[in-house]
Amino acid sequence: MKKNIIKILFSEKEIKKKVKNFSQISFPSNFIFKENEVIYVCLNQISDLNKLQKNFFLFQIGIKLQNFCRKGTYIIKYFGDKSLNEVNFCLGWEVGKYSFDKYKTTERNNNVATLISPFKGQIKKEKEVFFFVRDLINTPANFLGPNKIYEMGRVFLKKSFSSKKISGSELKKKFPLIHAVGKAASKEKMPILCELKSKNTKSKKKIVIIGKGVTFDTGGLNLKTGSGMALMKKDMGGAANCIGLANLIQTSKIDVNITLLLPLVENSVSRDSFRPSDIFKSRDGRFVEIGDTDAEGRLILADAISYACESKPDMIIDMATLTGASRVALGIEVPSFFCNNDQLSMELIEASQETGDPIWQLPLWENYLDQLNSNHADVKNIGNSIFGGAITAALFLKEFVKNQIPWVHVDLMAWSKPNKFSSYEGGEAMGIRALKKLIEKKFA
Ligand SMILES: [Zn+2]
């Protein structure tokens, strides 16, 4: 079998030596060349960027190059900057092959190019996680209710996790906020809390991972507009990413106890909908007044966080498609994170740079806490200002974190839009490679 050669060049000097028509190169539109049967990828124009961005671009370039090559077998013979993450390039290549065509009756052309990579095992695992997370998010709510996510999560995590779910009157009693948000849904979409626990671990270290799983968010009685609702099948993107993260940790054989908590609800409209001004007693005993039924994610997370704290874990991570304000601040590609522990924050930033999986810290700015004051209850679920919405959402969650247990809250889009590297639009895995790296550093 003929193997086509790829050379990835990072400096002008390298390029001048190897590529004749150097003057034509521009990034990101025209930096891939075929010359004398060798494919050159010329990255001198990103050499001034920081490590995070360079590693991020390598993933995107992998997608683009796979598309450029189309068919045949390829091998990377030269990779000019060993300080960067070559794995990203190969992972991007594989992820670039993804398509969601379950509901298309026309056949697609699946001419795909093969890359022979030295990181085969790792790439296969991470690619599977990407495909699972994307498939789950892309599946619309008429096919995917709370129970279905639970079932699919269980299947994906296979036999290495034990599982149980809480629903009905038990949920109402033990997790009143989760029940309140989900109680308007139809019978087969009733709210549940899933708990999946890793088996066969020797470690005494415990991590709880919590994913927001709103299978569809109409906004509830504070109904969203049509355009605001259009993407809301992705409001379970936190849960999908958390299942992906649990799988990444498990298959990397990091010896740590993982508990995966998935509050799964549909925020729908019916005579049973919870209302603005309703007051509910949360799991931890405090009363929460509903300022806006569209701020439902933080409610279901609050009860799950309280439950997580009761088992005194070494770390809690939650992931949620929580606020538009986070997207206003950082755009759709960069999830924000909040953390109550400075050391842990620094470690996560480092993990993000190394993996090229972007995630950016925003402050838990306590002085905004009084925006959540309620007239008639202990706390309200929405701030009274138009500013700082991602922060006040995080501060609301922090109210339920006990005993300064190290806690990371990730506010993510969980959705990709087409860009200069990829035409893909749909659900996305975000932040989980950085979080897995963090866990590996701390617990492996
Ligand atoms: Zn909402």
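Residues numbered from 1 in each chain as written. Predicted model: local features only at pLDDT ≥ 70, side-chain atom pairs only at ≥ 80, totals over all residues.

A. Structural context of helix 14 (residues 432–443). Helix length check: helix 14 (12 residues) gives 16 Å between terminal C-alpha atoms against 16 Å at 1.5 Å per residue, within 8%. All buried positions along helix 14 are accounted for by Ile432, Arg433, Ala434, Leu435, Lys436, Lys437, Leu438 and Ile439. In the core, the buried residues of helix 14 are packed alongside helix 4 (120–138), strand 8 (206–211), helix 9 (237–251), strand 13 (315–320) and helix 12 (342–355). (Helix = DSSP H or I, 4+ residues; strand = E, 2+ residues; numbered from the N terminus. Expected span 1.5 Å × (residues − 1). Buried ≥ 20, exposed ≤ 12 C-beta atoms within 10 Å, placed from the backbone. Contact = placed C-beta atoms within 7 Å.)

B. Looking closely at the sheet that holds strand 1 (residues 3–9). If you walk across this open sheet you meet the 5 strands as 2-3-1-4-5, and the pairing is mixed. Two strands bound the open sheet, and with one partner strand each, they are strand 2 (32–35) and strand 5 (114–116). Across the sheet, the mean angle separating the axes of adjacent strands is 30° when strand polarity is ignored. (Pairing = 2+ DSSP bridges. Axes fitted to C-alpha atoms, helices over the stretch in contact; angles between N-to-C directions.)

C. Local environment of unusual backbone geometry. Looking along the chain, the bond that leaves Phe27 and enters Pro28 is cis, with omega of 10°. Note on placement: Pro28 falls in the loop between helix 1 (12–18) and strand 2. A positive phi is found at Arg70, a non-glycine position, where the angle reads about 65°. Here Arg70 lies in the loop between helix 2 (51–69) and strand 4 (73–79).

D. Broad picture of the sheet that holds strand 12 (residues 287–289). On the basis of which strands lie adjacent, the open sheet formed by 3 strands has the order 11-12-16 and mixed pairing. Looking at strand neighbours, the two that pair on one side only are strand 11 (279–281) and strand 16 (379–380), the edges of this open sheet. Relative to strand 12, strand 11 runs antiparallel, the two sharing 3 bridges. Following the sheet pairing, Ile279 is matched in strand 12 by Glu289.

E. Highlighting the packing of helix 5 (residues 146–157) against helix 9. The N-to-C vectors of helix 5 and helix 9 enclose an angle of 15°; their axes lie 10 Å apart at closest approach. Considered as vectors, helix 5 and helix 9 are oriented roughly parallel to each other. Crossing geometry of helix 5 relative to helix 9 is assigned as right-handed. Touching Ile149, Gly153, Phe156 and Leu157 of helix 5 are Ala239, Ile243, Ala246, Asn247 and Gln250, all from helix 9. (Parallel < 35°, antiparallel > 145°, perpendicular 65-115°, else oblique. Left-handed = near helix turned anticlockwise from the far one by under 90°.)

F. Layout of the pairing of strand 13. Counting buried positions along strand 13 gives 6 out of 6 residues, so the element sits mostly inside the fold. The alternating pattern of strand 13 places Met315, Ile317 and Met319 on one face and Ile316, Asp318 and Ala320 on the opposite face, and all of these are buried. Across 5 bridges, strand 8 lies against strand 13 in parallel orientation. In the sheet register, Ile210 faces strand 13, and the bridge partner there is Asp318. Sheet analysis places strand 13 next to strand 17 (residues 407–411), joined by 5 bridges and oriented parallel. Counted as the bridge partner of Ile316 is Trp407 from strand 17.

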